[in-house]
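A look at the structure
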Amino acid sequence: MKTERLLLICTAAILFNGLVLGQASNTTLISHWDQDSCYQMEIMGNHLYFSPGINELRILDLSDPTNAAEVGSVDSVGTVYELLHFGEYLYLISTNSDCPDHPSEGSIANLYVFDATAGSNLMLMDSIEFYDCNGSGCVPGPVEISDSTLFFSQSLAMGWIIYAIGAQNPSEPFQYDIDSNFTFLADPYWINDNYMYITWDDLKVYDVSDPTSIDSVGGWIPDSTGMVLNIAFFYSNYAYVNDWNDPRDTIQVVNISDPENLEQVGLWVVEYDYIDFNSKGDYIYVITRDSGVRIFDASIPSSPIEVGYFDPGIDFPIGDSKPELKFSDDHIFLSALNEGIYVFRNDLAVGIDPISGKMPSSFRFKQNYPNPFNPTTTISYDLAVASDVTLTIY
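Section: the sheet that holds strand 22 (residues 215-220)
Reading across the sheet, the 4 strands line up as 19-20-21-22 and stay open at both edges, with antiparallel pairing between neighbours. Every interior strand has two partners, whereas the edge strands, strand 19 (189-192) and strand 22, have only one. The sheet shows a mean angle of 25° between the axes of neighbouring strands, taken without regard to direction. Pairing between strand 21 (residues 203-207) and strand 22: 5 bridges, direction antiparallel. The partner of Y206 across the bridge, within strand 22, is S216.

What to know about the pattern of salt bridges
Going through the model one piece at a time under the given rule, you end up with 8 salt bridges. Note that K326 is salt-bridged to E42, the shortest N-O span being 3.7 Å. Of this pair, K326 sits in strand 31 (residues 324-328) while E42 sits in strand 6 (residues 40-44), placing them 284 residues apart in sequence. Looking at E42, the relative accessible area reads 8%, which means it is buried. Note that E56 and R58 form a salt bridge whose closest N and O atoms lie 3.2 Å from each other. There is no split in this pair, since E56 and R58 are both buried. The structure contains a network of salt bridges with shared partners spanning D36, E56, R58 and E70.

Observations regarding the confidence of the model for the chain
Averaged over every residue, the pLDDT of the chain is 77; residues scoring 70 or more account for 72%. Confidence over residues 1-22 falls short of pLDDT 50; this stretch has 72 contacts with residues more than four positions distant or in other chains. Long-range and interchain partners of residues 352-357, a stretch whose pLDDT sits below 50, account for 4 contacts in this model, where long-range means more than four residues apart.

Quick word on the sheet that holds strand 5 (residues 27-33)
Strand order in the open sheet made by the 4 strands is 5-33-32-31, with antiparallel pairing throughout. Single-partner strands in this sheet number two, and they are strand 5 and strand 31. Neighbour-to-neighbour, the strand axes of this sheet turn through a mean angle of 25°, independent of strand direction. Taken together, the 6 bridges between strand 5 and strand 33 (residues 341-346) define a ladder with antiparallel strand orientation. The residue of strand 33 that forms the bridge with H32 is Y342.

Focus: the environment of V205
Topologically, V205 is positioned in strand 21. Judged by relative accessible area, which is 0%, V205 ranks as buried. Spatially, the C-alpha atoms of V205 and I256 are 9.7 Å apart, while their sequence positions differ by 51 residues. What V205 contacts, discounting residues up to four positions off in sequence, is Y195, M196, Y197, D215, S216, V217, G218, G219, P259 and L262.

Looking at the packing of aromatic side chains
With the rule as written, the count across this model stands at 13 aromatic pairs. Between F233 and Y240, the ring centres sit 4.4 Å apart and the planes meet at 10°, which makes this aromatic pair stacked. Accessibility classification places F233 together with Y240 in one group, the buried group. Grouping aromatic residues by their ring pairs yields a cluster made of F233, Y240, W268, Y274, F277 and F296. A cation over a ring is seen here: R294 above Y309, with NZ or CZ 4.2 Å from the ring centre.

Cut-offs applied
Residues numbered from 1 in each chain as written. Predicted model: local features only at pLDDT ≥ 70, side-chain atom pairs only at ≥ 80, totals over all residues. Heavy atoms only, no water. Pairing = 2+ DSSP bridges. Helix = DSSP H or I, 4+ residues; strand = E, 2+ residues; numbered from the N terminus. Axes fitted to C-alpha atoms, helices over the stretch in contact; angles between N-to-C directions. Salt bridge = Lys/Arg side-chain N within 4 Å of Asp/Glu carboxyl O. Buried < 20%, exposed > 50% of the residue type's maximum accessible area, 1.4 Å probe, protein only. pLDDT = per-residue confidence, 0-100. Contact = heavy atoms within 4.5 Å. Phe/Tyr/Trp six-rings, centres within 6.5 Å; stacked < 30°, edge-to-face > 60°. Lys NZ or Arg CZ within 6 Å of the ring centre and 35° of its normal.

Below, the structure is given as structure tokens:
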């Protein structure tokens, strides 16, 4: 049996540049970039693009995540509503309203397409005006990407108007004439791979590989009645579906590996007031309102298990702007709105280095190091045979 090493990260306040940055378990704080606010962000290669507020896009060089440096900016882009990338292109959706979620009458939204090949030197390839708000209740809606199409929308009081931009040549996007049945939708929608998922009291699935001919392929009806369904996020071949009426207790795990035959495979109770989800590898990351980022092992997708957290000690406000997570190699970036950007690492995802040498002949417990007053300590032990280990700390 090989020698094992256990990294024990104590639940303790971390002092960084004179500021108490909260608590952590199985995570390590890398840095905190607090020179400006961060409301939308996207990472491409070694560069992070973010919006500090109104009418500007800024660029950070992430070559050294412990010391991110601002290397560029783009002005006159309006109030950024969404940032996302597709291939080597960065897509930015903005409005000329100070509040993109509640624009005033006459507000205009634009889609900007930038070539981000040069990283810090964005090149504007095209811009498309996709709605002119002429009445109340007119706001940008969901923005989703399939394998070859960017879908975005305008939300009216009665539902969504869907737009689709072809991405075979992202530098010259063109708008599809969507099937008339889907130009206007009364219900929310999400896209995963080449399928659109539409929810209300059930879950409908449509093939959108050809936006000019959208076909129904399947659906799922929950056992409970009276639910208003919402897809919280997708992970692997699963959709995590909650109930707008009771979001904390009804995350239903639905297997979508076969879009024509959806099947519920589990129920996941998240004991936090959650805001958003993201995932990487075997882990699901849950941004909460007042408990930081909680990390769940999703090796068994139907029943994720909490294994760690990073809590910067922030109570995120209830409102239209919300924090988000992005990933770059082993680093996790949390946009913390007015608190800037936190960079941390999931130490469980990094793994345990193998230790070479002879097989242990007996059990042996070794002195921890460093000792005694440090935020982290390593405890090593030898096992001669495979065994369960219980560690008790007094």
